[in-house]
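# Fold and contact review
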Amino acid sequence: MSRTVIVSHSHPNLRYGGGEVAAYRQFEHLLSLGQDVFFVGSTIGPEDSAKFFGPSQQVVSFGPRDFCLRGRGMDSFTMEHADIRDEDWIFEFLLALQGDVYHFHHFWNIGAGTIRRLRAALPDAKFICTLHELTAICANHGQMVKRSGELCYASSEVACAACVARPPIDFVLRKARMIEMLDLFDHLLSPSEFLRLRFEDWGVAPGRIVVIENGLDHHDASARPETSAELLAKSGRFAFFGQATPTKGLDVLVRAAELIAARGEEFETPLSIEIHGVDKESFTQMWPDIELPDCIHFRGRYRPQDCVDIMRAYGWIIIPSVWWENSPVVIQEARAARTPMIASDIGGMAEKTEGWGIQFRVADPAALAAAILSVHGQPEVLAEHRARITPPLDLAGFNEEWVESCELRPAPSEIRKLVGV
Amino acid sequence: MQMNMDFCFVDDHRVLAVTGWTTEARPLLRVHVDDVVLTPVRVARHVRRDLRSSEPLGVIALFSLSGLPEGVDIAKATIHLAEGNHFNEIRNDRLREDARRLVEVGVDEVFFAMLRLVAQRHLVLSDQDTGREICARLRAAPSAARETENHVLGVDRCQMTEQGQGVVIGWFMPASASAEPLCALVVEDEMVAPVELLPGSMSRADLSGYASRYRFTGRDGYGGGWHFPSRPSGPARLLLMVPGEHFLPGVLVPVEAAEPADLAQNVTVASLGIEDIADRARLRSALLPNALSHSQPQEPAGVENETSGETLLILDHDLADTDLRDVLRRIGPHLPGRLRLHLLRPRLNMALRNGIDGASREITAGLELEGASLGITRPAIMPGRVVFARSASLFQFDPEVLFAPDQSDAQVMLLDPIGTVLGSPAAEVERFARDLLPFALSMRGADFFNLLDHIPHCFLTEEARLRLLAEALMTAGDAQMHRADIYRYFEGKSGPHCQNFADGRDWHAYDAESRHLIERAELA
């Protein structure tokens, strides 16, 4: 049996981001199949590390096959360790696992140098990388949003220098380093077409990147048909799931709600917009000048595993992000909850909600307000969009596609050897 | 009354100096060299206490011998000092010896007056023995006061580099106007050098508080520069000779040691305070030699202790410190043997150290740090090949040809945007210097150091010297030229050489200006 090492830039026991969650779900799924698999995550910086690690400790184990490395806070511009000794340690640790397959979800905190050295040390191993966002292309947090707030459509040395305020030559080196590193992988995966196209435009050879959605296990949401009254009520219930970061566009949503409230209309079906993942205090801290209309209700944090069930209580989930997004887990969760979405019309959001969602012009509160009002109190529209939703790829499906795309299926001769024929 | 002659000597620029005293207010002195009659080009007067008079009875008269007809040998000619009908024969041997005798036994006032003429470049005494004697005599001399009822003198900065380039910046206000200028000499154990002093050249409105006691013009700041002809052996002192001060040598100021870049920054700041751009150039030029000794390609010499397979990379890392690893890794596959690295940085920091360590883990041929300093030193064990480049060029140029083994010829790779379109080799050499074209140089280690030894250390960057070396090779047709065909090239903007001085120019631009000034002096 071959050994798989799943490597992630973070560990979901400590941080719950899309990339590390996808990586960990893959690990758990492979483990459930009885495979020889290890998970290696990392803390993302000295603050996290100080909480969990002793002064000289380099790794914490959450299980015999589940490790979390001590992250020192890697500069995502260089994507290299600031201290070569940290790279030495991670390299040796990963090498010691003697994987046949190394699947990296992101390379931040792992380091380009670590990957180059591991590749050189294990020329016969299979190296796979899932590109979870655009960090290799964009030095501004990998979001391809300029520091001025504009969306960025393509990187170039001069444009990036103007955005990030570093000399253009720095970007020449950065790109060379990133392209060289990506070239070392046998297979590159992307959870979205959007991301694949951006990487191909940037310089990765067409055909090198295979698109496989992240896997998400979920139970059947269509247990009981809803009554017309229930559908009508839900058609006035909108929700947001996410964090109070500027790129998630929560301010756009609240401004849209302000515009709706300013019309002073009396609705037959009450209109409410509920915010999950953010509390009122943190919102007002971030946007002190925005007045909160009555239809906005903050519901605070939620457990990720409860998300799909919570979503089922709403008619529409709104994703107003003002950056491209890649393959947001919230879209998969909405699909699992069979709840249609109102989404910004760019990037991964446009791609992933196509056919069953309603799109509005990104960062435009008026357009979002119009989109909300176009479906508010319209149960038939809700039912129609809901009917178009297909369930997201589950982990078994992901695994199938992963094995196929990455050519991990044992050759017939190896199978015969395994079964003793 | 006829002039009483004490000393008579010829300086290094064929100027005959006659010193002595006379009660005549305007002595009509002549020198007869065989049949040629010379009149003085300058007569300096000074008070002498030994004559028990407060009148300036002392005389130093200078006669230029440069106008003598060809064939007149001053060492053999008959020489007379004449005044009216009185003739006083000068023995030829005195012309060689009297300068030292004056320094040894001349009364203070004559010695100081002679120093003033040296400071003003009317006399040039550059032989080391005389220099040593002058230094010895001044070592015990007391300093004049900086502030008296006759003058006030301030020294804000007085600095010199290890190579002997120095600058003084200060201010001076006499109580009354004087025809005699403030002037200065710099002295160390074995050498004396005149200071190009520019009194009254810098605006100093802040000195108006002294206006009630001294002459305030608003432009009472001075700047001055010098360079010793060779590297000084020890610390130096500046002698500022104040007009009207006959009984003391002047104000003696210790010269502080300064890093070349700090000195350059101070010169730049001082220059910005000088309104007259000709004065700015004079200040800068004072720190530079009058000529560049161009390297001539030589026959390869047999070298002991040469490691033929090794390459010494002299790298001006002008990129982010963390990028050093990638620059070194990039050349790794092209190395014929071990890479020795001399980093043109004053010291290593963690990021650079990390970059070298990281690269050494990935370069299979081996990598060793030879040193980190802004200067290039001849290695004890000569590498087979030396490559010089800035990191930005090394990363963007094709490194293969630079590191190829078994190349006997020097290789110069350069990026010439104009030459790419249209160009001839001669024009390329001209643009190479004028436009500071990005380049990389690769040549046999022994040849490299033999040629480099001939280029003076008067620049801030070693690149300025290497540019001269490469240029000499190009001009002589002794280098294989390679054009870097890059349509998109970016210069590095990191590292000490890219730091800007007060006028916004970096070290390379400062050196380009230095070179321009030296070449202008050569033409003059």
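Since we're looking at a predicted model, the values are computed, not measured. (Residues numbered from 1 in each chain as written. Chains lettered and ligands numbered in written order. Predicted model: local features only at pLDDT ≥ 70, side-chain atom pairs only at ≥ 80, totals over all residues. Heavy atoms only, no water.)

Next up on the list: the overall build of chain A. On a plain count of helices and strands, chain A comes out with 17 helices and 14 strands. For chain A, the C-alpha radius of gyration of 23 Å lies close to 22 Å, the compact-globule estimate for 421 residues. A principal-axis box enclosing the C-alpha atoms of chain A has dimensions of 70 × 60 × 45 Å. Here chain A holds 421 residues, and the buried ones make up 57% of them. Long-range pairs, those at least 24 residues apart, make up 72% of the contacts in chain A between residues at least 6 apart in sequence. Working note: accessible area of chain A is about 17900 Å², and carbon and sulfur atoms make up 52% of it. When the 41 positive and 57 negative side-chain charges of chain A are each reduced to one mean point, those points stand 3 Å apart. (Helix = DSSP H or I, 4+ residues; strand = E, 2+ residues; numbered from the N terminus. Rg over C-alpha atoms; globule rule 2.2 N^0.38 Å. Buried < 20%, exposed > 50% of the residue type's maximum accessible area, 1.4 Å probe, protein only. Contact = heavy atoms within 4.5 Å. Areas by Shrake-Rupley, 256 points an atom, 1.4 Å probe, with all protein chains shown as cover. Lys, Arg positive; Asp, Glu negative; His and termini not counted. Charge placed at Lys NZ, Arg CZ, Asp CG, Glu CD.)

Right, let's get into the nonpolar core. In globular proteins that are soluble, nonpolar side chains generally tend to be buried together. Residues Leu94, Tyr102, Phe104, Phe107, Leu182 and Phe199 of chain A are the most contacted members of the largest nonpolar core, which totals 68 residues. Other than its neighbours up to four places away in sequence, Tyr102 of chain A contacts Val5, Val7, Leu94, Leu95, Leu97, Leu118, Leu122, Ala125, Lys126, Phe127 and Ile128 of chain A. Counting 37 residues, the second-largest nonpolar core is a separate cluster that includes Leu292, Leu414, Leu437 and Met443 of chain B. (Core = buried A, V, L, I, M, F, W, Y, C linked by side-chain atoms within 4.5 Å.)

Residues and elements named next belong to chain A. Positionally, Glu274 belongs in strand β10 (residues 272–276). For Glu274, the side chain forms a polar contact with the side chain of Arg299, separated by 2.9 Å. In this structure the side chain of Glu274 is engaged in a polar contact, spanning 2.6 Å, whose partner is the side chain of Tyr314. In contact with Glu274, not counting residues within four places along its chain, are Arg237, Phe238, Ala239, Phe240, His297, Arg299 and Tyr314. (Polar contact = N/O pair within 3.5 Å; in protein donor to acceptor, adjacent residues only side chain to side chain.)

With that settled, the discussion passes to the confidence of the model for chain B. In the predicted model, chain B carries a mean pLDDT of 92, and the fraction of residues at 70 or more is 96%. Model confidence for chain B, summarised as mean pLDDT per element, is weakest for helix α10 (residues 417–421) of chain B at 72 and strongest for strand β18 (residues 339–343) of chain B at 98. (pLDDT = per-residue confidence, 0-100.)

Now for empty space enclosed by the protein. Residue and element names in this part refer to chain A. Tallied over the entire structure, the rule returns five cavities of 30 Å³ or more. For the largest cavity, the calculated volume is near 110 Å³. A per-element tally of the lining of the largest cavity places helix α5 (residues 157–164) first, with four residues. Broken down by class, the residue content of the lining of the largest cavity amounts to eleven nonpolar, two polar and one charged. Put simply, the second largest cavity is a space of about 50 Å³. Taken together, Gln58, Leu69, Arg70, Arg72, His81, Asp86, Trp89 and Ile90 make up the lining of the second largest cavity. Classifying every residue of the lining of the second largest cavity by side-chain character gives three nonpolar, two polar and three charged. (1 Å grid on protein atoms, 1.4 Å probe; cavity = no way out; pocket = protein on both sides within 12 Å on 5 of 7 lines; lining within 4 Å. Points joined across faces, edges and corners; volume = space filled by probe spheres on them. Nonpolar A, V, L, I, M, F, W, Y, C, P; charged D, E, K, R; others polar.)

This brings us to the interface of chain A and chain B. Taken together, the contacts link 23 residues of chain A with 22 residues of chain B. A buried area of about 1800 Å², summed over both sides, lies between chain A and chain B, and 54% of it is on carbon and sulfur atoms. The largest share of the area that chain A buries against chain B comes from Ile84, Ile169 and Leu173 of chain A, three residues that together contribute 32% of it. Between Arg325 of chain B and Glu87 of chain A there is a salt bridge, with its nearest N and O atoms 2.7 Å apart. Across the chain A-chain B interface, the total number found is ten residue pairs in polar contact (both at pLDDT 80 or more). When contributions to the side of chain A that touches chain B are tallied by element, the ones reaching two or more residues are α3 (84–96), α4 (112–121), α5 and α6 (168–183) of chain A. Among the elements that make up the side of chain A that touches chain B, the one with the highest residue count is α6 of chain A (eight residues). A class-by-class count of the residues in the side of chain A that touches chain B yields nine nonpolar, three polar and eleven charged. (Buried area = accessible area lost by both parts, 1.4 Å probe. Salt bridge = Lys/Arg side-chain N within 4 Å of Asp/Glu carboxyl O.)

Glancing now at the pairing of strand β12 (residues 316–319) of chain A. All names here are of chain A. Residues Trp316 and Ile318 point to one face of β12 and Ile317 and Ile319 to the other, with burial holding for every one of them. Relative to β12, strand β9 (residues 237–241) runs parallel, the two being bridged by three bridges. Looking at the pairing, Phe240 lines up with Ile318 of β12. Here three bridges tie β12 to strand β13 (residues 341–344), and the two strands are oriented parallel to one another. (Pairing = 2+ DSSP bridges.)

Moving on to the packing of helix α12 (residues 445–452) of chain B against helix α13 (residues 462–476) of chain B. If you want to describe how two helices pack, look at the angle between their axes and the distance between the axes. Residue and element names in this part refer to chain B. Contact pair α12 / α13: the axes reach a minimum separation of 10 Å and the direction vectors enclose 110°. Comparing the axis directions of α12 and α13 gives the class roughly perpendicular. Mapping the contact onto sequence places Phe448, Leu451 and Leu452 in α12 and Arg465, Leu466, Leu469 and Leu473 in α13. Each residue belonging to the contact of α12 with α13 can be placed in one class, and the counts come to six nonpolar, no polar and one charged. (Axes fitted to C-alpha atoms, helices over the stretch in contact; angles between N-to-C directions. Parallel < 35°, antiparallel > 145°, perpendicular 65-115°, else oblique.)

Residues and elements named next belong to chain A. In the contact formed by helix α1 (residues 18–32) and helix α16 (residues 395–405), the axes pass within 10 Å of each other and the chain directions differ by 90°. When the interaxial angle is binned, α1 and α16 end up roughly perpendicular. In this structure, α1 contributes Arg25, Gln26, His29 and Leu30 to the contact, and α16 contributes Leu395, Ala396, Phe398, Asn399 and Trp402. Of the residues that constitute the contact of α1 with α16, the class distribution is five nonpolar, three polar and one charged.

It is worth spelling out the sheet that holds strand β2 (residues 15–21) of chain B at this point. The strands making up a sheet associate through hydrogen bonds between their backbones, and the pairing can be parallel or antiparallel. All names here are of chain B. If you trace the four strands from one edge of the open sheet to the other, you get β1-β2-β6-β5, paired in antiparallel fashion. The sheet is open, and its two borders are formed by β1 (4–10) and β5 (42–46), each paired with just one other strand. When strand polarity is set aside, the average angle formed by the axes of neighbouring strands in this sheet is 15°.

It is worth spelling out the state of the cysteines at this point. Summed over the entire model, instances satisfying the criterion amount to zero disulfides over all chains. Its sulfur unpaired, Cys406 of chain A is 11 Å from the next cysteine sulfur, which belongs to Cys129 of chain A. Its sulfur unpaired, Cys183 of chain B is 15 Å from the next cysteine sulfur, which belongs to Cys158 of chain B. Overall, the relative accessible area of 4% leaves Cys183 of chain B in the buried class. (Disulfide = S-S within 2.5 Å.)

Geometrically, a pair of aromatic rings is defined through the distance of the ring centres and the angle of the planes. In the structure shown here, the tally under the stated rule is 28 aromatic pairs over all chains. Between Tyr153 of chain A and Trp324 of chain A, the ring centres sit 5.1 Å apart and the planes meet at 80°, which makes this aromatic pair edge-to-face. Pair noted here: Tyr153 of chain A is in the loop between β6 (126–130) and α5 and Trp324 of chain A is in the loop between β12 and α12 (329–336), with a separation of 171 residues, a long-range link. Here Phe448 of chain B and Phe449 of chain B contribute two aromatic rings whose centre-to-centre distance is 5.0 Å and whose plane-to-plane angle is 85°, an arrangement assigned as edge-to-face. Exposure remark for Phe449 of chain B: the relative accessible area of 2% places this residue in the buried category. (Phe/Tyr/Trp six-rings, centres within 6.5 Å; stacked < 30°, edge-to-face > 60°.)

Residue and element names in this part refer to chain B. Quantified by volume, the second largest pocket comes out at close to 1000 Å³. Elements represented by at least two residues in the lining of the second largest pocket include exactly β16 (256–257), α4 (260–272), α13 and α14 (507–523). Among the elements that take part in the lining of the second largest pocket, α4 stands out by supplying five residues, more than any other. Residue composition of the lining of the second largest pocket, by class: 22 nonpolar, twelve polar and ten charged.

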